[in-house]
Structures are given as C-alpha cells and as structure tokens.
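Close look at the chain arrangement
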Amino acid sequence: MNRILIVEDEERIASFVEKGLRSNGFTTTVVSDGDAGYEYALTGGFDLVVLDIGLPGRDGFTVLRELREARVSVPVIVLTARDSVRDTVAGLEGGADDWMTKPFRFEELLARVRLRLRTAARAPEVTVLRSGSLSLDLRTRRARSGERTVDLTAREFVLLELFLRHPGQVLSREQILSHVWGYDFDPGSNIVDVYVRTLRKKLGAERVETVRGMGYRLA
C-alpha cells in the first residue's frame, strides 16, 4: 500500500485530496505547513508527496529544493494556484516530477499519482546500502561493519536503514520516532537513545554521532 504525504494549508483542499486518495487505496498523512512537510518527507516513509507552493513556514519551492539537496528522491507532484509559465518552469527545474494548477479534477490528480508511482517503481532497486565500511543488506536484513557480520532486531534494522539513507544528515529524535515507531509516539520517550546505544554496541561507538541539542547522524 503506497503512502502519500499531502502538504497543503487549505483545509478544504487537503480534506478533498485525502478522502479521494484513501478511497482509492492509498495511505495518507496531511500536514499544513512547509516546515512539517519537509521534516516528514525527510523520514523516507512516503512513496509520493503532493505539495502546495504557498505554505506557512517554508514555501513549497524551498521544501522542494531542500529535499533534492538532501538527496531525497521521492516523487513530488506540485498542486498550486500559481499558473504562470515562470513558476511552472521553476518548479520542474527545482525537482518537481509534475505540476498541477488549481482548480483541478481529482481524476486527473489520481492519474498523475499512479503514473509517478509506476515510474518510480521501475527505478533500479537498491538492495545494499553502504557508508564507508558499513553496509546493510536489505534482503537478508544483516549489517556488516568492516569484516564482521551483525545481526539486527527489526527495530535496529529500520533505524540503521534510516541512517544509511541519510548519510551525514542530522536526524532529530522526532524524525527517528516517526519513521521507526510510527506517528503515534510519545515525544518524551527515551526509546531512540536506547536503540542508538544498542546500535553503537553492535557496530562500534564511532558509527553514530550525537549532535547535542539536535539529534543523531551516521558518522
């Protein structure tokens, strides 16, 4: 089941898109500002993003640019009231996979969503993630640190995969919680710190770096 992130500050439109996508079998998450949209998209937990341009916080252009700079390749369909050629070109050159203007017909949006998902699915599948001498086999669910093979629990596997998909990037505890434990999490929990410690014991203390006041990153 494909997961779609809807970044839209107009509640009526967000609800319309969400209901339509859910009725067609998609799992959706809705956020209403650019900062939240950027943070959620960074987790890697979505197959496609429907993105407005005129958003509180980061605008859609900024969200798109920063996602691409962070090497997040999730397909993005821009859904906006802006219809100038200049804006359309800026969006597509900035990394958008498609551009739709409001008002729109849901049937067309649905067709474009399905097209972008099919196109993304045809991309070569990555089966091993690597960072230096650390690797993670997505099929066997085993890690290698240098010459050592490391067995991981299910949660440790998802956590390490998240780090390896965002090498060198600082991930906040909230981002890690939402990706590894889902969106119904207790923000006051220390579960992230506990699992980071277990990863360090298995892979080496130097593998995961603490960035004080911000979170963790793969060293």
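It should be emphasised that the depicted structure is a prediction, and the values quoted were computed from it without experimental measurement.

Conventions adopted
Residues numbered from 1 in each chain as written. Predicted model: local features only at pLDDT ≥ 70, side-chain atom pairs only at ≥ 80, totals over all residues. Heavy atoms only, no water. Helix = DSSP H or I, 4+ residues; strand = E, 2+ residues; numbered from the N terminus. Rg over C-alpha atoms; globule rule 2.2 N^0.38 Å. Buried < 20%, exposed > 50% of the residue type's maximum accessible area, 1.4 Å probe, protein only. Contact = heavy atoms within 4.5 Å. Areas by Shrake-Rupley, 256 points an atom, 1.4 Å probe, with all protein chains shown as cover. Lys, Arg positive; Asp, Glu negative; His and termini not counted. Charge placed at Lys NZ, Arg CZ, Asp CG, Glu CD. UniProt positions renumbered as here; feature names shortened; annotations may be inferred. Pairing = 2+ DSSP bridges. Salt bridge = Lys/Arg side-chain N within 4 Å of Asp/Glu carboxyl O. Phe/Tyr/Trp six-rings, centres within 6.5 Å; stacked < 30°, edge-to-face > 60°. Axes fitted to C-alpha atoms, helices over the stretch in contact; angles between N-to-C directions. Parallel < 35°, antiparallel > 145°, perpendicular 65-115°, else oblique. Left-handed = near helix turned anticlockwise from the far one by under 90°. Core = buried A, V, L, I, M, F, W, Y, C linked by side-chain atoms within 4.5 Å.

Glancing now at the overall build of the chain. The helix and strand tally for the chain stands at eight helices and 11 strands. Here the C-alpha atoms of the chain give a radius of gyration of 19 Å, agreeing with the 17 Å that 2.2 N^0.38 yields for 219 residues. In terms of its C-alpha atoms, the chain occupies a principal-axis envelope of roughly 55 × 35 × 35 Å. Expressed as a percentage of the 219 residues in the chain, the buried residues total 45%. Within the chain, contacts between residues separated by at least 24 positions form 58% of all contacts whose residues are at least 6 apart in sequence. Surface accessibility of the chain: about 11,500 Å² in total, with carbon and sulfur atoms responsible for 48%. Measuring between centres, the 33 positive side-chain charges of the chain sit 6 Å from its 32 negative side-chain charges.

For the rest of this paragraph, the subject is the UniProt feature "domain: Response regulatory" (unreviewed entry) in the chain. In the numbering used here, UniProt assigns the feature "domain: Response regulatory" (unreviewed entry) to residues 3–117. Secondary structure over residues 3–117 splits into 46% helix and 20% strand, and the C-alpha atoms at its two ends are 10 Å apart.

Moving on to the pairing of strand β5 (residues 98–101). Looking down a regular strand, the side chains alternate between one sheet face and the other. Of the pairings in the sheet, the one linking strand β4 (residues 76–80) to β5 comprises four bridges and is parallel in character. From the neighbouring strand, Leu 79 faces β5, where its bridge partner is Met 100.

The feature "modified residue: 4-aspartylphosphate" (unreviewed entry), as given by UniProt, occupies Asp 52 in the numbering adopted here. Here Asp 52 shows up in the loop between β3 (48–51) and α3 (60–69). Excluding residues that lie within four positions of it along the chain, Asp 52 makes contacts with Val 7, Glu 8, Asp 9, Gly 60, Leu 79, Thr 80 and Lys 102.

For the rest of this paragraph, the subject is the pattern of salt bridges. Summed over the entire model, instances satisfying the criterion amount to 18 salt bridges. Here Lys 202 ties to Glu 156 by a salt bridge, and the two come within 2.7 Å at their closest N and O atoms. Residue Lys 202 is found in helix α8 (residues 191–203), and its partner Glu 156 is found in helix α6 (residues 154–165); the two are separated by 46 residues along the sequence. Overall, Lys 202 belongs to the partly exposed group, its relative accessible area being 27%. When its relative accessible area of 5% is taken as the criterion, Glu 156 is described as buried.

By convention here, two paired aromatic rings are described through the distance between centres and the angle between planes. Throughout the structure, instances matching the rule amount to three aromatic pairs. Taking 5.9 Å as the distance between ring centres and 55° as the angle between the ring planes, the aromatic pair formed by Phe 16 and Phe 104 counts as tilted. With a gap of 88 residues between them, Phe 16 in helix α1 (residues 11–23) and Phe 104 in the loop between β5 and α5 (106–121) connect regions that are remote in the sequence. Using a relative accessible area of 43% as the deciding quantity, one classes Phe 16 as partly exposed.

The next thing to look at is the packing of helix α2 (residues 34–42) against α3. The contact between α2 and α3 brings their axes to 9 Å, and the two run at 25°. If you check the angle between α2 and α3, you find them roughly parallel. Judged by the sense of rotation from one axis to the other, the crossing of α2 with α3 is right-handed. Across the interface between the two elements, Gly 34, Tyr 38, Ala 41 and Leu 42 of α2 pack against Val 63, Glu 66 and Leu 67 of α3.

For the rest of this paragraph, the subject is the sheet that holds strand β2 (residues 27–31). Strands sit in the order β2-β1-β3-β4-β5 across an open sheet of five strands; the sheet is parallel. At either end of the open sheet lies a strand with only one pairing partner, and these are β2 and β5. Averaged over all pairs of adjacent strands, the angle between strand axes in this sheet comes to 20°, irrespective of strand direction. Pairing geometry for strand β1 (residues 3–7) and β2, over five bridges, is parallel.

Before going further, it helps to examine the nonpolar core. Leu 136, Leu 152, Leu 159, Leu 160, Phe 163 and Ile 176 are the most contacted members of the largest nonpolar core, which has 25 residues in total. Looking at this core, the elements with two or more residues in it are β7 (134–137), α6, α7 (173–180), α8 and β11 (215–218). For Phe 163, the residues in contact, after removing those within four places along its chain, are Leu 171, Ile 176, Leu 199, Val 208, Tyr 216, Arg 217 and Leu 218. Among the nonpolar cores identified, the runner-up in size contains 21 residues, and Val 63, Leu 67, Val 76 and Val 78 belong to it.

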